[in-house]
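# Summary of structural features
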Amino acid sequence: MNLLSQTLLTDSTTLVIIWMMLMVAALPAMMLLANPQSVHRPGQLAMAAVDLLRAHLEAREQARREAAAAVRFAGQAKIAAVRAEQALSHRQQLWHEAGQHTGDTWLSWQAAEQRVTRARTASAFTASPAAQAAVEFTDRERFLHRSVHAAVRRGDLPASALPAAMAARDGWNPRLHPVDQELALLRAVAEHRRHRHRQATAAEHSAWQNILQATATRDRLHTEALAAAHHAARHPLRPGRAHRTVPAPRPAWTHQPA
């Protein structure tokens, strides 16, 4: 293989130039055969050859731009599909953690209900008259405040429970016997844990809905990426000299959050 044949096989631009020169050289003869009168109008013949050559170059450049845009779009579509897969995996992990939290809150709630049942049984056999003397009332009030404060610190009661207990509202009664106060405290703890379990269940349901949405997005983007790859394969980008290109159209989902 000599130098000329190597150049022709590796440099498509050289082939294009040679082909154009041959076409320009043959064009007058072809037009003369099509219209013998054109030999009397050589200027028009030259202009026609130039227009034909310009149209060919423009069509070639347009095809090259479309091929480049198809390749860029396919790359963007693939990246978006990969990110959608990662987002789905992350949401699946969140749903798994939400399910574990729901189970933990259920067990915590049931344990609190069992303590309420045992305290109610003990309270039934304990005489618990209301406080009469001021000293006795003060002791019971302090016991209630300490018990509620400890429960708030453990997370068994919300922070709003302590001001309510100090103001003797929302069912907190400092005049009750300590046994009855303990029962009221356990009931409040059980109710608070039940509320937390309901919140955890709602969060788990929301996490599952996010998985369904992420799955639909993943499937859609994978389909778009596959179609874009096939489109780019049907429009291969031929090597050649560097040309100024227009940016590829940006898909609407490139800025979607994962």
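Scroll up a little and you will see the structure.
Overview of the structure.

What counts, and where the lines are drawn
- Residues numbered from 1 in each chain as written.
- Predicted model: local features only at pLDDT ≥ 70, side-chain atom pairs only at ≥ 80, totals over all residues.
- Heavy atoms only, no water.
- Helix = DSSP H or I, 4+ residues; strand = E, 2+ residues; numbered from the N terminus.
- Contact = heavy atoms within 4.5 Å.
- Expected span 1.5 Å × (residues − 1).
- Buried < 20%, exposed > 50% of the residue type's maximum accessible area, 1.4 Å probe, protein only.
- Arc of directions from axis to C-beta.
- Core = buried A, V, L, I, M, F, W, Y, C linked by side-chain atoms within 4.5 Å.

On to the environment of Glu204. Considering the arrangement of structural elements, one finds Glu204 in helix α6 (residues 178-234). Those residues within four positions of Glu204 in sequence are excluded, and the remaining contacts are Trp95, Ala98, Gly99 and Thr102.

In this model, helix α4 (residues 134-154) (21 residues) spans 30 Å end to end at C-alpha, consistent with the 30 Å of a helix rising 1.5 Å per residue. Taken together, the buried positions of α4 are Arg140, Leu144, His145, Ser147, Val148 and Ala151. The arc that holds the buried residues of α4, viewed along the axis, is 165°, so those residues lie on one side. Facing away from the buried side of α4 by over 90 degrees, the exposed positions are Ala134, Val135, Arg142, Arg146 and Arg153. Looking at the buried residues of α4, the elements they touch are α5 (161-166) and α6.

This part is about the environment of His230. Among the secondary structure elements, His230 is positioned in helix α6. Judged by its relative accessible area of 44%, His230 falls in the partly exposed class. The spacing of His230 and Ala74 is 156 residues in sequence and 8.6 Å in space, taken between C-alpha atoms.

If you look at the biggest cluster of nonpolar residues, it comprises 17 residues, and the most contacted ones within it are Val116, Val148, Leu157, Trp172 and Leu185. Mapped by element, the contributors of at least two residues to this core are α3 (42-124), α4, α5 and α6. If we ignore the near neighbours within four places in the chain, the residues touching Trp172 are Leu144, Val148, Leu157, Ala161, Ala164, Ala165, Ala184, Leu185 and Ala188. Of all hydrophobic cores here, the second largest spans ten residues; its members include Ala70, Ala77, Leu221 and Ala232.

Spatial relationships are all this shows, so hold off on functional conclusions.
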